[in-house]
Protein chains: 2
Amino acid sequence: MTAKINLAEKFEHVPDPWVPKVVGALNGQLVKIARAEGAYVWHRHEGEDELFLVLEGRLAIHLRTEVVELAAGECFIVPRGVEHKPVAEPGTRLLLFEPASTRNTGDLDHAYTIEPDALERI
Amino acid sequence: MTAKINLAEKFEHVPDPWVPKVVGALNGQLVKIARAEGAYVWHRHEGEDELFLVLEGRLAIHLRTEVVELAAGECFIVPRGVEHKPVAEPGTRLLLFEPASTRNTGDLDHAYTIEPDALERI
């Protein structure tokens with residue numbers, strides 16, 4: 001049986017921005033949490049839609065055509081294939097929902113890249 | 001392109017407890033919100049794991065072997081095939097992640113049943 005997931009407690013094990021950790025798995029999808037601060041990198045996921053839910057702080061998801069501004073309690077789904085660059089205020093906390101196959105920097109190789117099989121589960 | 005999802009605004013379109021509404025879709029999964037109050041019914045989903053995230057209030061997920069008590073900011077994933085009965089304090093608000101195929105009362109036919117293709121998207 002799975003255990004309950006207290007998001008605030010889980011964040012104690014997430015020290016660094018832009019290093020997502022897995023907190024749950026279901027139906028081939030993963031629930032991840034991440035701290036976010038400053039600018040991430042432009043990337044896209046060819047085969048996966050990606051949901052961002054802001055738990056605390058503010059996140060601007062830059063797309064090539066617009067910027068989607070999210071506050072706590074707001075979500076956005078980036079459709080597969082769409083280039084995006086998240087930019088966050090300090091202290092921002094995110095919940096992500098996406099397929100287990102999702103690579104955090106998509107088709108980009110970058111210092112932020114963590115291969116899906118190397119993601120830490122907390 | 002999808003639009004951003006403000007959960008508080010979406011709840012203005014969810015008047016009744018235990019009537020989930022769809023707020024997003026990705027990778028064959030749905031993001032739903034629901035008000036919860038009092039006791040739901042025992043049921044199980046044969047083929048789908050189901051995630052509950054409590055946004056406000058308190059939810060007790062009764063299983064046959066234990067009761068999982070969730071407050072705001074806590075999640076639980078009910079594995080496929082596991083019987084469960086959610087019981088909520090008045091005013092509880094939930095976010096659900098589950099496959100698009102998920103029937104809200106699982107294998108049970110009940111007054112609460114809404115067939116997946118009849119779910120309202122808000």
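Bear in mind the structure is a predicted one, so any value in this text is a computation, not a measurement.

S.K.: What exactly am I supposed to notice about the relation of the copies chain B and chain A here?
M.R.: Each of the two chain copies can be generated from the other by rotation about an axis followed by a shift along it. Each copy of the sequence occupies a distinct position, and chain B is placed on chain A by a rotation of 180° and an axial shift of 0.0 Å, giving an RMSD of 0.0 Å. What we have between these two chains is a two-fold relation.

S.K.: What am I meant to see in the nonpolar core here?
M.R.: A general trend in soluble globular proteins is that nonpolar side chains are found buried together. Ranked by size, the top nonpolar core spans 50 residues in total, and within it F52 and L94 of chain A together with F52 and L94 of chain B carry the most contacts. When near neighbours in sequence (up to four residues on either side) are disregarded, L94 of chain A contacts I33, A34, A36, F52, L53, V54, L55 and L59 of chain A.

S.K.: Sorry, what's going on with the pairing of strand β5 (residues 58-63) of chain A here?
M.R.: Moving residue by residue along a regular strand, the side chains alternate between the two faces of the sheet. All names here are of chain A. In this structure, β5 lies alongside strand β6 (residues 67-71), joined through 5 bridges in antiparallel fashion. Across the sheet, residue A60 finds its bridge partner in β6, namely E69. Taking the residues that link successive antiparallel strands as the turn, the β5-β6 hairpin has 3 residues. Bridge count for β5 against strand β8 (residues 84-99) is 5 bridges, and the pairing is antiparallel. Residue pairing in the sheet places A60 in a bridge with V87 of β8.

S.K.: Please clarify how the confidence of the model for chain A should be interpreted in this entry.
M.R.: Chain-level statistics for chain A give a pLDDT mean of 96 and a share of 99% at 70 or above. For this predicted complex, the interface score ipTM comes out at 0.94, while the overall pTM is 0.96.

Conventions adopted
Residues take numbers from 1 onward in each chain, read along the sequence in its written order. In the order they appear in the text, chains get letters beginning with A and ligands get numbers beginning with 1. Totals for whole chains, interfaces and linings use all residues, but because this is a predicted model, local features are given only for residues with pLDDT of at least 70 and pairs of side-chain atoms are given and counted only at 80 or more. For this overlay, a least-squares fit was computed on C-alpha atoms, restricted to residues scoring pLDDT of at least 70 in both copies. Under the definition applied here, buried Ala, Val, Leu, Ile, Met, Phe, Trp, Tyr and Cys residues are grouped into a nonpolar core through C-beta atoms within 7 Å. The exposure scheme places C-beta atoms from the backbone and then counts, for each residue, the other C-beta atoms within 10 Å of its own, assigning buried at 20 or more, exposed at 12 or fewer, and partly exposed in between. Contact between two residues is assigned whenever their backbone-derived C-beta positions fall within 7 Å. Between any two strands, pairing holds if DSSP finds at least two bridges. Secondary structure elements are defined from DSSP: runs of H or I of at least 4 residues count as helices, runs of E of at least 2 residues count as strands, and each element is numbered from the N terminus. Looking at any residue, its pLDDT shows the predictor's confidence there, from 0 to 100.

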